[in-house]
Amino acid sequence: MTDQRIIFAAQWPSGAEYRWVWLGRLGPPRVEADDRGVGTITFGTSRWTRRQPANNPQTGAWAPFAPDLHAIADAPRVAELIAAARSALPRH
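None of these values were measured; they are calculated from a predicted model.

Caption draft 1: Region of the structure containing the overall build of the chain. Across its full length, the chain carries two helices and five strands. Taken from N to C terminus, the helices and strands of the chain fall in the order β-β-β-β-α-β-α. A total of 92 residues make up the chain; the buried ones form 28% of that total. In the chain, once contacts between residues fewer than 6 apart in sequence are set aside, the share between residues at least 24 apart is 50%. Total accessible area computed for the chain in this model is approximately 6,400 Å², and 56% of it derives from carbon and sulfur atoms.

The structure is reproduced here in C-alpha cells:
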C-alpha cells in the first residue's frame, strides 16, 4: 500500500499479475476474519459497487476493479491501515 493506492499481486499459472487501485475510489474496508485474524477484506457497500471499475476513466480489460483481498494475515489491522490512509487523503 502507498499513501494513495493499494498495489496487489496475483500469482497465476501463466505468471504474476500486478494491479493497483486508488484509495479514494474504494469504499470503506469491511473485514470477515477467523479467530486467528486471517480473513477477507472487501470494499464498498454491495457486490455491484465492488464490480465497478475503481480507476475511472480507464476502462476495458485493463481497468482494475475494487479488489476482494483474500487470506490476509491480521485482516482487521490491515483494514484499519487502509481506512486510516483513506482518511488522510486530501479532500478536493
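Here the narrative resumes, following the displayed structure.
Caption draft 2: A look at the nonpolar core. Counting residues in each nonpolar core, the largest one holds 12 residues, listed as Ile6, Val21, Leu23, Leu26, Ile41, Phe43, Leu69, Ala75, Ala79, Ile82, Ala85 and Leu89. No other element matches the four residues that helix α2 (residues 75-87) contributes to this core. Residues within four places of Ala75 in sequence aside, it is in contact with Val31, Ala33, Gly37, Gly39 and Ile41.

Caption draft 3: How the structure looks around the confidence of the model for the chain. Mean pLDDT over the chain works out to 78, with 73% of the residues at or above the 70 mark. Taken together, the stretch residues 53-59 has pLDDT below 50 and engages in 16 contacts with residues farther than four places along the chain or on a different chain.

Caption draft 4: Broad picture of the environment of Asp74. With respect to the helices, strands and loops of the structure, Asp74 is situated in the loop between β5 (69-72) and α2. By relative accessible area, Asp74 is classed as partly exposed at 44%. Between the alpha carbons of Asp74 and Ala33 there is a distance of 8.3 Å; along the sequence they are 41 residues apart.

Caption draft 5: Local environment of the pattern of salt bridges. Across all of its chains, the model carries two salt bridges by this definition. One salt bridge in this structure joins Asp34 and Arg36, with 2.7 Å as the shortest N-O distance. Residue class for Asp34 comes out partly exposed when judged on its relative accessible area of 32%. Overall, Arg36 belongs to the exposed group, its relative accessible area being 65%. A salt bridge links Glu80 to Arg77; the shortest N-O distance between them is 3.3 Å. Of this pair, Glu80 and Arg77 both sit in helix α2, three residues apart, which is roughly one turn of the helix. Overall, the relative accessible area of 48% leaves Glu80 in the partly exposed class. Using a relative accessible area of 42% as the deciding quantity, one classes Arg77 as partly exposed.

About the criteria used
- Residues numbered from 1 in each chain as written.
- Predicted model: local features only at pLDDT ≥ 70, side-chain atom pairs only at ≥ 80, totals over all residues.
- Heavy atoms only, no water.
- Helix = DSSP H or I, 4+ residues; strand = E, 2+ residues; numbered from the N terminus.
- Buried < 20%, exposed > 50% of the residue type's maximum accessible area, 1.4 Å probe, protein only.
- Contact = heavy atoms within 4.5 Å.
- Areas by Shrake-Rupley, 256 points an atom, 1.4 Å probe, with all protein chains shown as cover.
- Core = buried A, V, L, I, M, F, W, Y, C linked by side-chain atoms within 4.5 Å.
- pLDDT = per-residue confidence, 0-100.
- Salt bridge = Lys/Arg side-chain N within 4 Å of Asp/Glu carboxyl O.

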